[in-house]
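# Coordinate analysis (summary)
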Amino acid sequence: MILYHGTDVDSALNILNHGLDAAKLTALQLDRPTQLGRGWYAAYEAEVAWFFASLAPGNVGRGYAVIEIDIPEDILNQLIAAQQAIRSAIVNVPFGAQQYWFDLRAF
Amino acid sequence: MAKPTYTDADLRISTTTEVKREGQTVVHTHRVLFARPLTRAEQHLFADVLVGFYYTVHFSQQFGNGLVAEPVVEFLSDHEARYTLKQHTLSGPWKDLLFAVLANFSHEVAPIQWHDESRAFDPEVGPRRTADDTVTRAP
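Residues numbered from 1 in each chain as written. Chains lettered and ligands numbered in written order. Predicted model: local features only at pLDDT ≥ 70, side-chain atom pairs only at ≥ 80, totals over all residues.

### Some details on the overall build of chain B
Looking only at helices and strands, one finds 2 helices and 5 strands in chain B. C-alpha atoms of chain B, sized along the principal axes, occupy 55 × 40 × 40 Å. Relative to its 139 residues, chain B shows a buried fraction of 33%. For chain B, the proportion of contacts with a sequence separation of at least 24, taken over those separated by at least 6, is 53%. (Helix = DSSP H or I, 4+ residues; strand = E, 2+ residues; numbered from the N terminus. Buried ≥ 20, exposed ≤ 12 C-beta atoms within 10 Å, placed from the backbone. Contact = placed C-beta atoms within 7 Å.)

Shown next, in the form of structure tokens:
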């Protein structure tokens, strides 16, 4: 299953080259409000991810991008069952726009 | 096989959003391209909707409250607008509210073909309308 993560360029390259880093994410989100709690977010549709990429916190001067994550569906379902991931619809929109939240324990 | 090191050249990078820092404030401007020309009334409504978004965020206290001023909305032509938000932080659940506001404007008033690099709001190419869209409605 392909999910999409929109973010600033430096964060995108960091994830691609070094993987997800719980410590860095924790530092980034410390004292900041988040949609579903502290964790990592991805969208089911690339076009939705491009919207959120344009609002990425680190997006000052360098631009933004969307990266793909290929996650086996059975693994994703295991994470959801273990409450280390949540599938959530963005509410009050006239179409199905799903986002996924991943707990730091899932990294 | 050694893992490749990715660089800017491997990414499709967008710089359509203008983002700059003014002291402790982040100022970001977004471009909205509509599928058809908007009437003056629709242009005013679009501006009102974004100003309403600002006050909803501010007074509800449910979406994070990093916004520091009413949005500035400008129409560059009758089918192209840009809006500027000023915030202390770009993190927070206000993004979902903004997404919903723009999505509903696009589907109910005038189709938004592009929001910066995104076509999420275009009824022709964005995410499909659900058979029963109440599944995504908040109770």
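### What about the interface of chain A and chain B?
With 35 residues of chain A at the contact, the number on the chain B side is 43 residues. Among the residues forming the side of chain A that touches chain B, the class breakdown is 22 nonpolar, 10 polar and 3 charged. (Nonpolar A, V, L, I, M, F, W, Y, C, P; charged D, E, K, R; others polar.)

### Looking at the pairing of strand β1 (residues 18-22) of chain B
On a regular strand, each side chain points to the face opposite its neighbour's, so the side chains alternate between the two faces of the sheet. Residue and element names in this part refer to chain B. Strand direction decides the pairing type here: β1 and strand β2 (residues 25-34), joined by 5 bridges, are antiparallel. Bridging from a neighbouring strand, K20 pairs with V27 of β2. In this antiparallel pair of consecutive strands, β1 and β2, the connection spans 2 residues, and G23 shows a positive phi of 65°. (Pairing = 2+ DSSP bridges.)

### Examining the confidence of the model for chain B
Any residue range with low pLDDT should be treated as having predicted coordinates unsuitable for detailed reading. Residue and element names in this part refer to chain B. Residue-level pLDDT values for chain B average 88, and 91% of them are 70 or greater. Here β1 is the element of chain B with the lowest mean pLDDT, 87, and strand β3 (residues 72-77) is the one with the highest, 98. Every residue in residues 130-139 is under pLDDT 50, and counting partners more than four places away or in other chains gives 17 contacts. Two numbers describe this predicted complex: its pTM, 0.89, and its ipTM, 0.88. (pLDDT = per-residue confidence, 0-100.)

### Focus on unusual backbone geometry
Unusually for a residue other than glycine, A:Q83 sits at a positive phi of about 60°. The residue A:Q83 is located in the loop between α4 (73-81) and β4 (85-89) in this model. On the basis of neighbour counts, which here come to 10 C-beta atoms within 10 Å, the residue A:Q83 falls in the exposed class. Phi at B:D116 takes a positive value of approximately 50°, unusual for a residue other than glycine.

### With respect to the nonpolar core
Within the largest apolar cluster, 53 residues are counted, with the highest numbers of intra-cluster contacts made by A:A49 and A:A53. Residue contributions to this core peak at 7 residues, all from helix α2 (residues 94-108) of chain B. When residues no more than four places from it in sequence are discounted, the contact partners of A:A53 are A:G6, A:T7, A:Y64, A:A65 and A:V66. (Core = buried A, V, L, I, M, F, W, Y, C linked by C-beta atoms within 7 Å.)

### Details of the packing of helix α1 (residues 40-60) of chain B against α2(B)
Residue and element names in this part refer to chain B. It is the contact of α1 with α2, at a shortest axis distance of 11 Å, that shows an interaxial angle of 155°. Between α1 and α2, the interaxial angle falls into the category roughly antiparallel. As for how α1 packs across α2, the hand of that crossing is right-handed. Between α1 and α2, the contacting residues are F46, V49, F53, T56 and V57 on the first element and W94, L97, L98, V101 and F105 on the second. Grouping the amino acids of the contact of α1 with α2 by side-chain chemistry returns 9 nonpolar, 1 polar and no charged. (Axes fitted to C-alpha atoms, helices over the stretch in contact; angles between N-to-C directions. Parallel < 35°, antiparallel > 145°, perpendicular 65-115°, else oblique. Left-handed = near helix turned anticlockwise from the far one by under 90°.)

### Examining the environment of B:S14
Looking at the secondary structure, you find B:S14 in the segment before β1. Since 19 C-beta atoms lie within 10 Å of it, B:S14 is described here as partly exposed. For the pair B:S14 and B:L98, spaced 84 residues apart in the sequence, the C-alpha separation amounts to 20 Å. Residues contacting B:S14, with those up to four places away along its chain left out, are A:G63, A:Y64, B:D116 and B:E117.

### With respect to the pairing of strand β5 (residues 98-102) of chain A
Sheet topology note: the strand β2 (residues 40-43) of chain A/β5(A) ladder contains 4 bridges and is antiparallel. In the sheet register, A:Y41 faces β5(A), and the bridge partner there is A:W101.

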